[in-house]
Amino acid sequence: MSKQKLIKRLKSYYPMERFHAFVTFPAILVYLFLNNLFIDIFFLLYGVLVCIIILVQGQHYWKLKLYRLMEKPFNQEKNLNLFRNSKKINLILIALIPIIFAIQLYQNDWGIIPENLILYGILSNFFAILEHINYYNRQLMIDNSADLKYIKRNKKLKIASLAKDLKESEL
């Protein structure tokens, strides 16, 4: 793929990631907080918040990839360290999911009640885990024919771009 096509693709992809990180998921968070009791949706709010944290990392990564293609300067070492530290923080946040779930259940006398939107909480936390995997391990999103051809040819998912960049210590 030519450099111009890559720039065009990233220019269309980056704003979408940015919109979800700074508008869509925060709007969901605010809506939930305003329309429910905190005690009822603690687990759901946690999942949405972890999603936001990971999406912010993802949009920053794609912004840097766009900068690289457009030959805009940025501090590579600082950003590599940011992503390495972010990966560790993500893993801690993911490890806390069962504890947050237990707290939610405890708050509701170990019962699952419709008001606490527990199934949505499970989905939001699962989505956060998938987002982490998508950025730091394997590319789960198949958004073009080249991705599909790779999977058919290799019978496995591609290594995530950020994972490759961290391994090679180069953005």
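Before reading on, note that the structure itself is shown above.
Counting starts from 1 at the beginning of each chain's written sequence and moves along it residue by residue. Totals for whole chains, interfaces and linings use all residues, but because this is a predicted model, local features are given only for residues with pLDDT of at least 70 and pairs of side-chain atoms are given and counted only at 80 or more. With hydrogens and water stripped out, all remaining heavy atoms of the structure feed into the side-chain values.

Asker: Account for the packing of helix H1 (residues 3-35) against helix H2 (residues 38-69), with residues named and values stated.
Answerer: Where helices are involved, their axes are fitted lines through C-alpha atoms of the stretch in contact, as for all axes, and angles between N-to-C directions lie from 0 to 180°. Strands are runs of DSSP state E lasting at least 2 residues, helices are runs of H or I lasting at least 4, and numbering of each runs from the N terminus. In the contact formed by H1 and H2, the axes pass within 8 Å of each other and the chain directions differ by 160 degrees. Taken as axis vectors, H1 and H2 run roughly antiparallel relative to one another. Crossing geometry of H1 relative to H2 is assigned as left-handed. Residues were grouped as follows: Ala, Val, Leu, Ile, Met, Phe, Trp, Tyr, Cys and Pro as nonpolar; Asp, Glu, Lys and Arg as charged; and all remaining residues, including Gly, as polar. When grouped by side-chain class, the residues that make up the contact of H1 with H2 number 26 nonpolar, 3 polar and 6 charged. Comment on the angle field: the value is read as roughly parallel under 35 degrees, roughly antiparallel over 145, roughly perpendicular from 65 to 115, and oblique elsewhere. The hand of a helix crossing depends on one turn: near helix anticlockwise from the far one by less than a right angle means left-handed, and clockwise means right-handed.

Asker: Explain the pattern of salt bridges to me, and be specific about the residues and the numbers.
Answerer: Any carboxyl oxygen of Asp or Glu that lies within 4 Å of a side-chain nitrogen of Lys or Arg is treated as forming a salt bridge with it. One pass over the full model with this rule turns up 2 salt bridges. The residue Lys 65 makes a salt bridge to Asp 165 at a minimum N-O spacing of 3.0 Å. With a gap of 100 residues between them, Lys 65 in helix H2 and Asp 165 in helix H7 (residues 161-168) connect regions that are remote in the sequence. Salt-bridge contacts for Arg 84 lead to Glu 77; the nearest nitrogen and oxygen are separated by 3.9 Å.

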